[in-house]
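# Coordinates in review
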Amino acid sequence: MVSPQTLKVVTVSLGIFICFLIGWQALVVAGQGEAATGLDPEYAALMGAQVTEGASALPSPGDVGSEIWGHITNPFYDAGPNDKGVGIQLAYSIARVLSGYFLAALVAIPLGFLIGMSETAQRALNPYIQLMKPVSPLAWMPLALYTIKDSNTSAVFVIFICSIWPMLTNTTFGVASVRREWLDVSRTLEVGSLRTALRVILPAAAPTIVTGMRISIGIAWLVIVAAEMLVGGTGIGYFVWNEWNNLSITGVISAIFFIGVVGMCLDMILAKCAAIVSYSE
Amino acid sequence: MNQTHKIDGTESGVPSEEQMRTTVIETINLGKTFVSESKTETEVFNNLNFDIKAGEFVCLIGHSGCGKTTLLNMLGGLEEPTNGSILVDDKEISGPSLDRAMVFQSHALMPWMTAIGNVNFAVQSKWPAWSKKKQLDQSRKFLDLVHLGTSLDKKPSELSGGMKQRVGIARAFAIEPKILLLDEPFSALDALTRGSLQDELVTICRETNQTCFMITHDIDEAILLADRIILMTNGPQAYVHEIVINTIEKPRARSSLYKHENYYPIRNHLMDFLVNKSNLKDALRSVANNKPKIVKPAK
């Protein structure tokens, strides 16, 4: 049985969605104008429905819905460089995000361990971290393109550099704030440093580390869209920009929808990981 | 009550059974001084001299702030002494060792491990070469000893405060150390739980003949558990005022302890110290400096 609480939640949620659709449709209707008459057929072909039929500049919910449905039913078609299915574009973006992200994890987590365990390292490296952390990842793009000379690798590099900071600072914090008594237990049991790191410090700091990883994946997914708009070629960011160049607002809106869905899924995966490593005292 | 004391300050005469037993741990002029950031030095205690013999249960009583935990951490090797030294089996210690297991006031269990996982972590550290089965058998045996045989796979968060401390005790006993160091292990528990845990500790110590050193501020706990009770004055510059020998013979049971004729003499003596004498400094210091007075309160 569905609980009354759930029923309430679903009702409100659906209500908001319906209001949104009605409002959207109302804007579309309000935007409709007069259809022009007596146009030169060639000119009319160039201008599109907005001039010839007086259609609104804003696509209707129905148009967007059918566009999204079209993408869902046929996500992997490939009709040349400028016309690939949204599934292929998303796959490119996800691949870039994941490779940059895992490279960052590979660097940030061990480095965070080191910094968290040694006060000297913490104090020595802190100025650099504080200096680099606030830099917009896209500011690295020209430098990356200049040095790496490959747009795809540059995009991965930008993801790497933006994912590294939350993971690094969280790992450092998590490792530095492992309860002293756990380390004392480990010391009185003469546990070696590697075993202490793996059996005590890592599980103790894991919730904080995974929180950092969750923040990182969110930022990485935000940045990839912007990065791909710059480097072009493939990816969901390029797809959005391409749809804009085609003046296909329907395409832009459906791309926004897909970006949201993927971002949500990535976050949910990390939330699951967080639940696995969390512990209560 | 003072007139009931039999002072035994001399070392001469026939050695008693206790003096015959081997010394497990010994402190020699042990001292600790903390230096604050503003360079002011605080001498927590100095010139502590006492020893613990094999199979003996020794309690240390003192008010908070006399450096009890610092002392225990030093015996455990977690803190360095500023002066003096600690000998275990006549060898000076340098850092923590599996010879000296600790039971922490806050149980210090790893919350991501199960009860048996926590104990087994210690067993694995002590005997890494043992087979997995043998390690688990050892862990299970000691959890059974503290009556947790049915909660092996529970996480600490699913256990009550008393059960958590039982796991902490099992972890310390399971590695069969030369000496067990307990830092007010029952102070965070309610009176009923505390009582049953004290009973269990009495039983386990009898069965294993484990040498123990325990810090407490509970007089009755000390009388029940300890063969000797070390009285420490308030800090800073705390020192061992007296060593009281428990004149109630073993086995001691919580239910009948208070009926023993020596119970009130000991209890009153300890209470008198905590209430009236623990603040005394200079006058007694010179007497107590290197050889604390040994007292046997009895009827």
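Cut-offs used in this document
- Residues numbered from 1 in each chain as written.
- Chains lettered and ligands numbered in written order.
- Predicted model: local features only at pLDDT ≥ 70, side-chain atom pairs only at ≥ 80, totals over all residues.
- Helix = DSSP H or I, 4+ residues; strand = E, 2+ residues; numbered from the N terminus.
- Buried ≥ 20, exposed ≤ 12 C-beta atoms within 10 Å, placed from the backbone.
- Contact = placed C-beta atoms within 7 Å.
- Nonpolar A, V, L, I, M, F, W, Y, C, P; charged D, E, K, R; others polar.
- Domains from an automatic or database assignment.
- pLDDT = per-residue confidence, 0-100.
- Pairing = 2+ DSSP bridges.

### What to know about the overall build of chain B
Tallying secondary structure elements over chain B gives 10 helices and 12 strands in all. Considering chain B as a whole, with its 299 residues, one finds that 39% of them fall into the buried category. Within chain B, counting contacts between residues at least 6 apart in sequence, those at least 24 apart form 74% of the total.

### Observations regarding the interface of chain A and chain B
Contacts between the two partners involve 15 residues from chain A, matched on the other side by 19 residues from chain B. Looking at the side of chain A that touches chain B, the elements that each hand over two or more residues are α9 (180-188) and α10 (193-231) of chain A. With six residues, α9(A) is the single largest residue contributor to the side of chain A that touches chain B. Among the residues forming the side of chain A that touches chain B, the class breakdown is seven nonpolar, two polar and six charged.

### Considerations on the domain arrangement of chain A
In terms of domains, chain A is made up of domain 1 (4-57) and domain 2 (86-277). Each of domain 1 of chain A and domain 2 of chain A was reduced to a C-alpha centroid, and the two centroids are 39 Å apart.

### Considerations on the confidence of the model for chain B
All names here are of chain B. Residues with a pLDDT of 70 or more make up 90% of chain B, whose mean pLDDT is 86. The model gives residues 1-13 a pLDDT under 50, and that stretch makes 18 contacts with residues more than four places away or in other chains. Here the predicted complex scores 0.85 on pTM and 0.85 on ipTM.

### Some details on the sheet that holds strand β2 (residues 23-35) of chain B
All names here are of chain B. Reading across from one edge, β3-β2-β5-β6 is the order of the four strands in this open sheet, with antiparallel pairing throughout. Because the sheet does not close on itself, it has two edges, and the strands there are β3 (41-53) and β6 (91-92). Sheet topology note: the β2/strand β5 (residues 83-88) ladder contains five bridges and is antiparallel. Of the residues in β5, the one forming a bridge with I28 is S85.

### With respect to the pairing of strand β4 (residues 57-61) of chain B
Within a regular beta strand, the side chains point alternately toward one face of the sheet and then the other, so they alternate between its two faces. Residue and element names in this part refer to chain B. With five of five residues buried, β4 is to be regarded as a mostly interior element. The alternating pattern of β4 places F57, C59 and I61 and V58 and L60 on opposite faces, both of which are buried. In the sheet, β4 pairs with strand β10 (residues 228-232) via four bridges, with the strands oriented parallel. Across the sheet, residue I61 finds its bridge partner in β10, namely L231.

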